[in-house]
Amino acid sequence: MFKVFDLNIKKLVVLMLPINLRRPRLKSFLWAMVAPLIYLHYRFIQKRTADLYKLSHNSQVCYLRAALNDSFDVDARRIEILDGNQYLRSYIYTRGEEKPVYLGTIYLRARADYADTGVDFIVQVPSETYKKYEMQALIDFYRLASKRYKIVQI
C-alpha cells in the first residue's frame, strides 16, 4: 500500500535523470543538491508522527497515564493516576465563636487534600523517573482546564 508521505527523494532524483546521464559522479552531485530537501522531509515526518501521537491522546485517565508512561517510564510503566483526596473540613471552633480557649490554627491535612480547595487527581511517580517541569508541562497539555492535580513521588 502506498503512503502519501512515503517518499524516497534519492531514488526519485535518479529516476528523473535520463538513462544515459546516470553516472556515479552526477548522481552524487544531485544527491548533494537535494540533501537539504531530504533533511526537511525527515523533520516533517518526525513532526507529523509526534503530532499524530498528541492528537491520539486526550484528558481521559487511561490516555493521560499512557502518555506519561510513554514519556517518562517506558519499561516499567509505574506512573499511576489516582482520584484526589476529598476530605471534609473539621473545626474545633472558629475565632468568631469566641470560645474561652482558642487553639490557634492547626492543620491536620495539606490544603490540597480538602474537597473545596483540593486537587481533582493525583499523579504517583517513581522518584527515579521524576522530572518536575517536563512532567508538569505534559500534564498541563493534556488535562482539562478546570482540573487541578498534584504530583506525588513514590
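Our subject is the structure listed above.
Residues numbered from 1 in each chain as written. Predicted model: local features only at pLDDT ≥ 70, side-chain atom pairs only at ≥ 80, totals over all residues. Heavy atoms only, no water.

## With respect to the overall build of the chain
Consideration 1: A count of helical and extended segments in the chain gives 5 helices and 3 strands.
Consideration 2: Here the chain holds 154 residues, and 21% of them are scored as buried.
Consideration 3: Considering only contacts in the chain between residues 6 or more positions apart, those separated by 24 or more positions represent 63%.
Consideration 4: Here the chain has roughly 12,000 Å² of accessible surface; of this, 58% comes from carbon and sulfur atoms. (Helix = DSSP H or I, 4+ residues; strand = E, 2+ residues; numbered from the N terminus. Buried < 20%, exposed > 50% of the residue type's maximum accessible area, 1.4 Å probe, protein only. Contact = heavy atoms within 4.5 Å. Areas by Shrake-Rupley, 256 points an atom, 1.4 Å probe, with all protein chains shown as cover.)

## Side note on the sheet that holds strand β2 (residues 121-125)
Consideration 1: One open sheet holds the 3 strands; their spatial order is β1-β2-β3, and the pairing between them is mixed. At either end of the open sheet lies a strand with only one pairing partner, and these are β1 (80-83) and β3 (149-153). Each strand of the sheet is rotated relative to its neighbour by a mean of 25°, with strand direction disregarded.
Consideration 2: The pairing of β1 with β2 spans 4 bridges and is classified as antiparallel. (Pairing = 2+ DSSP bridges. Axes fitted to C-alpha atoms, helices over the stretch in contact; angles between N-to-C directions.)

## A word on the packing of helix α4 (residues 61-72) against helix α5 (residues 132-142)
Consideration 1: At a closest axis distance of 11 Å, the pairing of α4 and α5 adopts a crossing angle of 150°. Judged on the interaxial angle alone, α5 and α4 are roughly antiparallel. Seen from above, α4 lies across α5 with right-handed handedness. Taken together, the residues of α5 that come into contact with α4 (itself represented by L64, A67, L68, S71 and F72) are E134, M135, L138, I139 and Y142.
Consideration 2: Each residue belonging to the contact of α4 with α5 can be placed in one class, and the counts come to 8 nonpolar, 1 polar and 1 charged. (Parallel < 35°, antiparallel > 145°, perpendicular 65-115°, else oblique. Left-handed = near helix turned anticlockwise from the far one by under 90°. Nonpolar A, V, L, I, M, F, W, Y, C, P; charged D, E, K, R; others polar.)

## With respect to the side chain of D73
Consideration 1: Within the secondary structure, D73 sits in the loop between α4 and β1.
Consideration 2: Since its relative accessible area comes to 5%, D73 is described here as buried.
Consideration 3: When near neighbours in sequence (up to four residues on either side) are disregarded, D73 contacts L68, R78, I79, P126 and T129.

## Some details on the side chain of N69
Consideration 1: Relative to the helices and strands, N69 resides in helix α4.
Consideration 2: With residues up to four places along the chain from it excluded, the contact list for N69 reads V74, R77, R78 and I79.

## Observations concerning the nonpolar core
Consideration 1: By size, the foremost hydrophobic cluster in this structure holds 15 residues, and its most contacted members are L68, I79, F121, V123, M135, I139 and I151.
Consideration 2: When contributions to this core are tallied by element, the ones reaching two or more residues are α4, β2, α5 and β3.
Consideration 3: Those residues in contact with M135 that lie beyond four places of it in its chain are L68, F72, I79, V125, T129, Y130 and I151. (Core = buried A, V, L, I, M, F, W, Y, C linked by side-chain atoms within 4.5 Å.)

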